[in-house]
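The chain contents come next:
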Amino acid sequence: MGIFGEPGGFQIVVLEYMPLRRFGLFQILLSGWPIGDGTTTAFYPHYCNLQDLARLVESGEPHERFQLVLGDTFDHMQVDAEMTDRAILFGFRSHDENAQWREARVDSREFLTVWRQAAACIEAILAQADQS
């Protein structure tokens, strides 16, 4: 469990709720802006979605803007991502038609470092749940 990344930058928050081990708080912050709604969620689907994004980042290939589907606690937001050879450019806003787009640039290395730390935490939580 923990908060991974630097305040004001790219952060992932993973807080396990006992006794629901496979569930808890999973939050992503982009430039200090939380994009999840802060409700209890299952970790595994978010783990899979961000693993897929990490694989794209690891390829080092630029990728045109696409809608990033994060599901569940992120359903109230539209999140788009575009990748350059060095960064991920996120665009995000609520689904309210009057909402303004916000943007955040995350260095690819920072994303991968933070994600790997959070992924290891989630993997440990899920492994403990499997043993229960």
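This text follows the structure it describes.
Description of the structure in this document.

What counts, and at which threshold
Residues numbered from 1 in each chain as written. Predicted model: local features only at pLDDT ≥ 70, side-chain atom pairs only at ≥ 80, totals over all residues. Heavy atoms only, no water. Phe/Tyr/Trp six-rings, centres within 6.5 Å; stacked < 30°, edge-to-face > 60°. Lys NZ or Arg CZ within 6 Å of the ring centre and 35° of its normal. Pairing = 2+ DSSP bridges. Helix = DSSP H or I, 4+ residues; strand = E, 2+ residues; numbered from the N terminus. Axes fitted to C-alpha atoms, helices over the stretch in contact; angles between N-to-C directions. Contact = heavy atoms within 4.5 Å. Buried < 20%, exposed > 50% of the residue type's maximum accessible area, 1.4 Å probe, protein only. Expected span 1.5 Å × (residues − 1). Core = buried A, V, L, I, M, F, W, Y, C linked by side-chain atoms within 4.5 Å.

Below, the discussion takes up the packing of aromatic side chains. One pass over the full model with this rule turns up four aromatic pairs. Here the guanidinium or amino end of Arg-65 rests over the ring plane of Trp-101, the centre of that ring lying 5.3 Å away. One residue, Arg-102, lies across the ring of Trp-33, its end atom 3.5 Å from the ring centre.

Below, the discussion takes up the sheet that holds strand E8 (residues 87-94). The strand order E6-E7-E8-E9 describes an open sheet built from four strands, whose pairing is antiparallel. Across the chains shown, the open sheet's two edge strands, defined by having one partner strand only, are strand E6 (63-67) and strand E9 (102-107). The sheet shows a mean angle of 15° between the axes of neighbouring strands, taken without regard to direction. Against the sheet, helix H2 (residues 108-131) touches E8 and E9, its axis set at about 85° to E9.

As judged from the seven bridges shared by strand E7 (residues 77-83) and E8, these two strands associate in the antiparallel manner. Paired with Asp-80 across the strands is Gly-91, a residue of E8. As consecutive antiparallel partners, E7 and E8 are separated by three residues. The pairing of E8 with E9 spans six bridges and is classified as antiparallel. Counterpart to Ala-87 in the pairing with E9 is Asp-107.

On to the environment of Leu-15. Examined against the element boundaries, Leu-15 turns out to sit in strand E2 (residues 10-16). Look at Leu-15 and you get partly exposed, because its relative accessible area is 32%. Along the primary structure Leu-15 and Cys-121 are separated by 106 residues, whereas in three dimensions their C-alpha atoms are 9.5 Å apart. Excluding its chain neighbours within four sequence positions, the residues that come into contact with Leu-15 are Met-1, Gly-2, Phe-23, Gly-24, Leu-25 and Phe-43.

Inspection of the secondary structure assignment puts Gln-11 in strand E2. Residue Gln-11 is classed as buried on the basis of its relative accessible area, which comes to 9%. When near neighbours in sequence (up to four residues on either side) are disregarded, Gln-11 contacts Ile-3, Phe-4, Gly-5, Glu-6, Gln-27, Ile-28, Leu-29 and Val-114.

What follows covers H2. Here H2 is 24 residues long and its end C-alpha atoms lie 34 Å apart, about the 34 Å a rise of 1.5 Å per residue gives. Three or more residues of H2 are buried, namely Ser-108, Phe-111, Leu-112, Val-114, Trp-115, Ala-118, Ala-119, Cys-121, Ile-122, Ile-125, Leu-126 and Ala-129. Summarising the contacts, the buried residues of H2 are in contact with strand E1 (2-5), E2, strand E3 (23-30), helix H1 (43-59), E8 and E9.

This part takes up the environment of Ala-104. Positionally, Ala-104 belongs in strand E9. Separated by 74 residues in sequence, Ala-104 and Leu-30 place their C-alpha atoms 6.0 Å apart. Those residues in contact with Ala-104 that sit more than four places away from it in its chain are Leu-30, Ser-31, Ile-88, Leu-89, Phe-90 and Phe-92.

Turning our attention to the nonpolar core. Counting 37 residues, the largest nonpolar core has Val-14, Phe-26, Phe-111 and Trp-115 as its most contacted members. Mapped by element, the contributors of at least two residues to this core are E2, E3, H1, E7, E8, E9 and H2. Among the elements that make up this core, the one with the highest residue count is H2 (10 residues). The contact partners of Val-14, leaving out residues within four places of it in the chain, are Met-1, Gly-2, Phe-4, Leu-25, Phe-26, Phe-43, Ala-118, Cys-121, Ile-122 and Ile-125.

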